[in-house]
Amino acid sequence: MSEESIMADESQVQHMFLHVESSDAVCMLNIAGHPYRLRELIFMMIENGCRVVKSSAEAYKTFDFDKETVEVYDFLTSIIKAKFLS
């Protein structure tokens, strides 16, 4: 399937793990949603001064965190689970 057809398909879902660092927190995100929405989300994080690095399921599973896992749902991004270090 070409990238154009993937992006045009409204039901297309992409899944990824991201390691995100800001000035006051470090977290690991487990996200899924339409590729355009995920790109928009990553762009917003970078624009707000976060460092964003693509990660893996293994890194997410072994990421040490001191706060409960947070789940956020909206109509464009189906899953966001965050593990916060600080």
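Predicted model, so just to flag it, every value in this text is computed and none were measured. (Residues numbered from 1 in each chain as written. Predicted model: local features only at pLDDT ≥ 70, side-chain atom pairs only at ≥ 80, totals over all residues. Heavy atoms only, no water.)

Asker: Go over the packing of aromatic side chains with me, naming the residues and quoting the values.
Answerer: By convention here, two paired aromatic rings are described through the distance between centres and the angle between planes. Tallying each qualifying case throughout the model produces 1 aromatic pair. Here the aromatic rings of phenylalanine 17 and tyrosine 60 are separated by 5.4 Å at their centres, their planes lie at 45 degrees, and the arrangement is tilted. Residue phenylalanine 17 is found in strand β1 (residues 14–21), and its partner tyrosine 60 is found in helix α3 (residues 57–62); the two are separated by 43 residues along the sequence. For the pair formed by phenylalanine 17 and tyrosine 60, the shared burial category is buried. (Phe/Tyr/Trp six-rings, centres within 6.5 Å; stacked < 30°, edge-to-face > 60°. Helix = DSSP H or I, 4+ residues; strand = E, 2+ residues; numbered from the N terminus. Buried < 20%, exposed > 50% of the residue type's maximum accessible area, 1.4 Å probe, protein only.)

Asker: If you had to explain the nonpolar core to someone new, which residues and values would you point to?
Answerer: Met16, Leu18, Val20, Leu29, Ile31 and Met45 are the most contacted members of the largest nonpolar core, which totals 13 residues. For this core, the secondary structure elements donating two or more residues are β1, β2 (26–33), α2 (35–47) and β5 (77–84). Ranked by the residues each element gives to this core, the list is headed by α2, at 4 residues. Within the second largest apolar cluster, 5 residues are counted, among which are Phe17, Val26, Tyr60 and Phe63. (Core = buried A, V, L, I, M, F, W, Y, C linked by side-chain atoms within 4.5 Å.)

Asker: Please give an account of the pattern of salt bridges that cites residues and values.
Answerer: On inspection of all chains with the given rule, the structure shows 2 salt bridges. Ionic pairing is found between glutamate 40 and arginine 37, a salt bridge with its closest N-O pair at 3.1 Å. Here arginine 37 and glutamate 40 lie together in helix α2, a separation of 3 residues that amounts to about one turn. Owing to a relative accessible area of 40%, glutamate 40 belongs among the partly exposed residues under this scheme. Accessibility expressed as a relative area gives 14% for arginine 37, which makes it buried. Measuring nitrogen to oxygen at the nearest pair gives 3.7 Å for the salt bridge that ties glutamate 58 to lysine 61. Taken together, the residues span about one helical turn, with glutamate 58 and lysine 61 both in helix α3 at a distance of 3 residues. Note on glutamate 58: relative accessible area 47%, which makes it partly exposed. (Salt bridge = Lys/Arg side-chain N within 4 Å of Asp/Glu carboxyl O.)

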